[in-house]
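# Notes for the structure review
Here is how the chains run, residue by residue.
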Amino acid sequence: MIHRRRARGRKKAVELYQSNEMRAICGSIEKEVNSGKLAIRSDRDVFADVALRGQLISLLLSYSTPWLRLGLETVFGVILTDDITRDSGKSFRPKAILKRFILDRVLSDPFLSKKYTGGRRTKVLSGRFEKEYKMELRKHSLQRILLLVTFLDRAKIENVLETVPCLFSPKSKFKSSRDVIISICRDLLFREGNIFKHLSTMGLTVSYKQEPIDEFDYSVLNLAVDLRDGVRLARMTEIMTQDTSSSLIRKMRVPAVSRLQKLHNVNAALSALAAARVQNLDDIANHHVVDGHRPKVLKLLWCTIAHFQLPSIVDLDLLQQEIVNVRHANKSRQTLLRCVVNDDPSEQEAILEGPNSHIGGLLLEWCRVVCSCFGVPVRNFTTSFADGRVLCLLVHYYHPGMLKQSEILPTTRDLPNDVDLTEGRGEYDQALRNERRNSVLANKRILDLGGVPGMFPITNSVMVPEVKSTLLCVAYLCSRLMESSKEILATIAVQNFYRRYRERVLVEKKHAAA
């Protein structure tokens, strides 16, 4: 995945670098540098001044590593590997690799070195060759640095690396392309008053500026605290509504220090969710989120998930067809099917009220139809899933080789109704332990399937799961198992045909023997 993402970024970067605009900028920079109109002061020795080299390296390393890597690869036409091992056996990690590349290719040039040393190992030059070499090297370094800064400015504006929001490192003192060019002009160039006026005559302008919101850490570790400032909630809303322009996040007041700033941020996010027609948010106010009101926050998140995610996870037409196919494939168990499916739906309706209740109803019906093949009734998303058996049977039905029915342990459902807990307490405790083992087994097999978030807790008949987490887990599991539906149904059809064939052959043999 990382390599594919980098390949897409490199492709976009090359297309941008080869555009007519960038070609014109490259030509203008080369022309101005070669003519001496843009030049490094003669007292600034890029070749021998160790302090100056360190200063330029720190300047370029102020860019974040992914962006600087992309810029160097594009400008120099190379691909930097993740790990370079030198002849000495020493290994260099990404930041060290970039530093070494800047020293070897930006502040130095192997082609110039070969030209003036004739390929000899010595790097010490003197006389006319030394002056010409240092002048050529100053031109080379200035041209590459200006080209790199300009390209990264354009690449960030075009958002070439969509997953890397910061062009500059959060710890860097530089936060805009203009700051970098001002630093270059102040420390290196001569005969320059207003450098931007000079660059504008060349058709070269830089405009990117990194705002505090770009450096914001959107990771959520604690729902009771991390959503209070409203910024993460606004970012979640942008992702759900597929707002690529970041129009909502630009309205945020960052850093949100005061309560009024937090209320403003949360109110903007709630207004965006209401505009997206998310239901059942009328009783949720901005102060509920700012104060960390847990039930209201959980309800807000659930309504958002139910509105945006459930319809995209579950294909209703495919699910309805799957229910029909499972019933048709198990006609031999039709009597048992009627017994366990035609249950009293009052409990189900009470649990599934709210947005997208029809999706929950279909998912519950799918669980009932599949589990009825094994004689296990499913009435709701809480107590019916507490012993872990339902999830195990769902995985077993579609992937019997991954989870065998013999691995599912007996639960409290299998105990006699008249069992005396005072005398049979050990048997009851063993059944509860079996239920937890079933839950662990189901979670392991679901993890092996992949594509299903690990959100289902380890439960038993005493620790009953919550409705919404179970419903969301079943939705993801259903979407994943639907991919195997055709193969499973074809297998069942072949098995049923072969059984009928064997019965007919046995009947004919009996008649022939009689």
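Higher on the page you've got the structure.
Residues numbered from 1 in each chain as written. Predicted model: local features only at pLDDT ≥ 70, side-chain atom pairs only at ≥ 80, totals over all residues. Heavy atoms only, no water.

### As for the overall build of the chain
Helices and strands together make up the secondary structure of the chain, namely 23 helices and two strands. Taking all 514 residues of the chain together, the buried fraction comes to 45%. Across the chain, the fraction of contacts at a sequence separation of at least 24, relative to all contacts at a separation of at least 6, is 68%. In the structure as shown, the chain presents an accessible area of about 27,900 Å², 53% of it carried by carbon and sulfur atoms. (Helix = DSSP H or I, 4+ residues; strand = E, 2+ residues; numbered from the N terminus. Buried < 20%, exposed > 50% of the residue type's maximum accessible area, 1.4 Å probe, protein only. Contact = heavy atoms within 4.5 Å. Areas by Shrake-Rupley, 256 points an atom, 1.4 Å probe, with all protein chains shown as cover.)

### Here we look at the packing of helix α11 (residues 231-241) against helix α12 (residues 259-275)
Closest axis-to-axis distance for the α11/α12 pair is 8 Å, and the angle between their directions is 20°. The orientation of α11 with respect to α12, classified from their angle, is roughly parallel. Seen from above, α11 lies across α12 with left-handed handedness. The residues of α12 that touch α11, namely those facing Val 231, Leu 233, Ala 234 and Thr 237, are Asn 265, Val 266, Ala 269, Ala 272 and Leu 273. For the contact of α11 with α12, the per-class residue count stands at seven nonpolar, two polar and no charged. (Axes fitted to C-alpha atoms, helices over the stretch in contact; angles between N-to-C directions. Parallel < 35°, antiparallel > 145°, perpendicular 65-115°, else oblique. Left-handed = near helix turned anticlockwise from the far one by under 90°. Nonpolar A, V, L, I, M, F, W, Y, C, P; charged D, E, K, R; others polar.)

### A closer look at the pattern of salt bridges
All told, the structure shown has 23 salt bridges when counted by the stated rule. The closest approach of N and O atoms between Asp 283 and Lys 296, which form a salt bridge, is 3.2 Å. Taken together, the residues span a long stretch of sequence, with Asp 283 in the loop between α12 and α13 (286-290) and Lys 296 in helix α14 (residues 294-308) at a distance of 13 residues. We classify Asp 283 as partly exposed; its relative accessible area is 35%. Linking Arg 389 and Asp 414 is a salt bridge whose minimum nitrogen-to-oxygen distance equals 2.5 Å. Placement of the pair is Arg 389 in helix α20 (residues 389-398) and Asp 414 in the loop between α20 and α21 (425-449), with a sequence separation of 25 residues. Residue Arg 389 is classed as buried on the basis of its relative accessible area of 12%. Classification of Asp 414 as partly exposed rests on a relative accessible area of 41%. (Salt bridge = Lys/Arg side-chain N within 4 Å of Asp/Glu carboxyl O.)

### A look at the side chain of Ser 172
Along the polypeptide, Ser 172 turns up in the loop between α7 (127-157) and α8 (177-187). Note on Ser 172: relative accessible area 11%, which makes it buried. Within polar-contact distance, the side chain of Ser 172 engages the backbone nitrogen of Phe 174 at 3.0 Å. (Polar contact = N/O pair within 3.5 Å; in protein donor to acceptor, adjacent residues only side chain to side chain.)

### Looking at α12
Given 3.6 residues to a turn, an α-helix orients residues that are three or four positions apart in the same direction. Its 17 residues place the ends of α12 24 Å apart at the C-alpha level, agreeing with the 24 Å of an ideal helix rising 1.5 Å per residue. Buried residues of α12: Leu 263, Asn 265, Val 266, Ala 268, Ala 269, Leu 270 and Leu 273, and no others. Buried residues in α12 make contact with α11, α13 and α14. Two residues or fewer past α12, Arg 277 is found with a positive phi of approximately 65°. (Expected span 1.5 Å × (residues − 1).)

### Quick notes on the layout of surface pockets
Of the voids in this model, the largest pocket is the one considered here, and its volume is about 730 Å³. Looking at the largest pocket, it is lined by 23 residues, and the ones nearest its centre are Asn 159, Glu 162, Pro 165, Arg 235 and Ser 246. The set of elements that each furnish at least two residues to the lining of the largest pocket consists of α7 and α11. Here the residues of the lining of the largest pocket are counted per class, giving eight nonpolar, six polar and nine charged. (1 Å grid on protein atoms, 1.4 Å probe; cavity = no way out; pocket = protein on both sides within 12 Å on 5 of 7 lines; lining within 4 Å. Points joined across faces, edges and corners; volume = space filled by probe spheres on them.)

### Observations concerning the packing of helix α3 (residues 50-60) against helix α5 (residues 94-106)
Closest axis-to-axis distance for the α3/α5 pair is 10 Å, and the angle between their directions is 120°. Between α3 and α5, the interaxial angle falls into the category oblique. Remark: the crossing between α3 and α5 carries right-handed chirality. Note on element contacts: α5 touches α3 through Lys 99, Ile 102, Leu 103 and Val 106, opposite Arg 53, Ile 57 and Leu 60.

### Observations regarding the side chain of Arg 138
Relative to the helices and strands, Arg 138 is located in helix α7. For the buried Arg 138, no salt bridge is present, and the opposite-charge side chain at shortest range is Asp 45, 5.3 Å distant. The residues contacting Arg 138, other than those within four sequence positions of it, are Ile 40, Arg 41, Ser 42, Arg 44 and Val 46. (Lys, Arg positive; Asp, Glu negative; His and termini not counted.)

### Details of the packing of aromatic side chains
A full pass over the atoms with the stated rule returns nine aromatic pairs. Relative to Tyr 398, the ring of Tyr 397 lies with its centre 5.1 Å away and its plane at 80°, an arrangement referred to as edge-to-face. The class for Tyr 397 is buried, based on a relative accessible area of 8%. By way of ring pairs, the aromatic residues Trp 366, Phe 374, Tyr 397 and Tyr 398 are connected into one cluster. Sitting over the ring of Phe 76, Arg 144 keeps its end group 4.9 Å from the ring centre. Taking NZ or CZ as reference, Arg 178 lies 3.9 Å from the ring centre of Phe 196, over its face. (Phe/Tyr/Trp six-rings, centres within 6.5 Å; stacked < 30°, edge-to-face > 60°. Lys NZ or Arg CZ within 6 Å of the ring centre and 35° of its normal.)

### Some words on helix α4 (residues 65-76)
For α4, spanning twelve residues, the distance from its first C-alpha to its last is 16 Å, which sits close to the expected 16 Å at 1.5 Å a residue. Within α4, ten of the twelve residues are buried, which leaves it mostly tucked inside the rest of the structure. Of the residues trailing α4, Gly 77 is marked for its positive phi of about 70°.

### What to know about unusual backbone geometry
Of note, the amide linkage connecting Val 254 to Pro 255 takes the cis form, showing an omega dihedral of -5°. Considering the arrangement of structural elements, one finds Pro 255 in the loop between α11 and α12. A positive phi is found at Asn 159, a non-glycine position, where the angle reads about 55°. Looking at where Asn 159 falls in the secondary structure, it is placed in the loop between α7 and α8. One non-glycine residue, Asn 280, lies in the positive phi region at around 60°. Residue position: Asn 280 is located in the loop between α12 and α13.

Read these as geometric descriptors, not functional statements.
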